[in-house]
Amino acid sequence: MSTDVENWKNLPEGHLARSTTLPWYHESIGDKLKPSFRKLLEDWSGIAPDDVIPHIYRVREEAWKVFPWPCVGEFWFIQQGLLRHPDYSRILERLTATTPTPRFLDLGTCLGQDVRTLAHDGAPLSGLYGADVFAGFKDAGYSLFKDSDRLGPSHFITGDIFSDVDDLAKSRGTWDIIHIAMFLHLFAQPEQEAAGRNMMKLLKATPGSTIIGTQTGSLHAGELKLQPPFCNPGEDKTIYRQSKESLKDFFVTAAAAVGLKVNVWAEYDEDEAKRRAEGRKEKGEEWEKKERTFVGQDERWILFRVDVI
């Protein structure tokens, strides 16, 4: 299947998407630095309290050069998405209390912030892994967390979810828990379906194997036409926006395609939607457009869990 991954890897240095004048390249961290992430950098990484914010800015520049994802420009990489998931405590307990230690994969790990969150909270390092299509994010993660002596390179896999031959593909059937955050919305529907099947292949085909995560979506599933710089001028390009209902069907279908049966739970993060609605009311519609890549009253984050049965 032809995907966008090779185009991403070959994004020219002067491409508009790399510009620091784009609205999602935020000049200020604002309120995104939460006490839990500050504590992670101070305790786990040994960053001095006065240097935490300058340190984040410096690493953001490094990560932006690897690839200019809006989540990098918007400082979402310090938001600890897994920690916000309602199943976080259950996953942490499973990792810390089960023998042998379950294998956990953070798919689309970016700077590995969720791997480090679990490690800081006591999960055994031997079971924690991240995977990303951009190898440079591994080094940016080491710059951010100062822990290459504790989480060596073998804990971070460079791989493409669409490949059948790379190191990620070679790990199929070995993972007990997979976490994905803000990943599927990058693709059109056929690519999402291929990615879903390959995610299922990564899981151990045993009851209890789990995928959890958070996905940006909409109350109404459907295609969204992209505009530059998310595509080239004149290019007809769409991505698919899932609803909670369509996401349930998506995972059931993906599992069935590889011979698995699953239970799927999915709900909207209404607290996040409420905060955005309050922001629009207080600051106006333009505020959200400056803060977010996807905006509007129908926009939702979808929390989900997929359990093999």
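Below you will find a few notes about this structure.

About the cut-offs
- Residues numbered from 1 in each chain as written.
- Predicted model: local features only at pLDDT ≥ 70, side-chain atom pairs only at ≥ 80, totals over all residues.
- Heavy atoms only, no water.
- Phe/Tyr/Trp six-rings, centres within 6.5 Å; stacked < 30°, edge-to-face > 60°.
- Helix = DSSP H or I, 4+ residues; strand = E, 2+ residues; numbered from the N terminus.
- Buried < 20%, exposed > 50% of the residue type's maximum accessible area, 1.4 Å probe, protein only.
- Lys NZ or Arg CZ within 6 Å of the ring centre and 35° of its normal.
- Salt bridge = Lys/Arg side-chain N within 4 Å of Asp/Glu carboxyl O.

Each pair of aromatic rings is reported with the distance of its centres and the angle of its planes. Inspection of the entire model under this criterion finds 19 aromatic pairs. Ring geometry for Trp8 and Phe67: centres 6.3 Å apart, planes at 50°, overall tilted. With Trp8 in helix α1 (residues 5–9) and Phe67 in the loop between α3 (52–66) and α4 (70–73), the pair connects residues that are 59 residues apart, well separated along the chain. Neither Trp8 nor Phe67 differs from the other in exposure class; each is buried. Trp8 sits in the buried class, given a relative accessible area of 14%. For the cation-ring pair, Lys32 lies above Trp76, with the distance from its terminal atom to the ring centre recorded as 5.0 Å. It is Arg103 that lies over the ring of Tyr129; its NZ or CZ is 5.1 Å from the centre.

Summed over the entire model, instances satisfying the criterion amount to 17 salt bridges. Salt-bridge contacts for Arg90 lead to Asp87; the nearest nitrogen and oxygen are separated by 3.6 Å. Using a relative accessible area of 9% as the deciding quantity, one classes Asp87 as buried. Close ionic contact of Asp149 with Arg150 constitutes a salt bridge, the shortest N to O distance being 3.6 Å. Looking at Asp149, the relative accessible area reads 65%, which means it is exposed.

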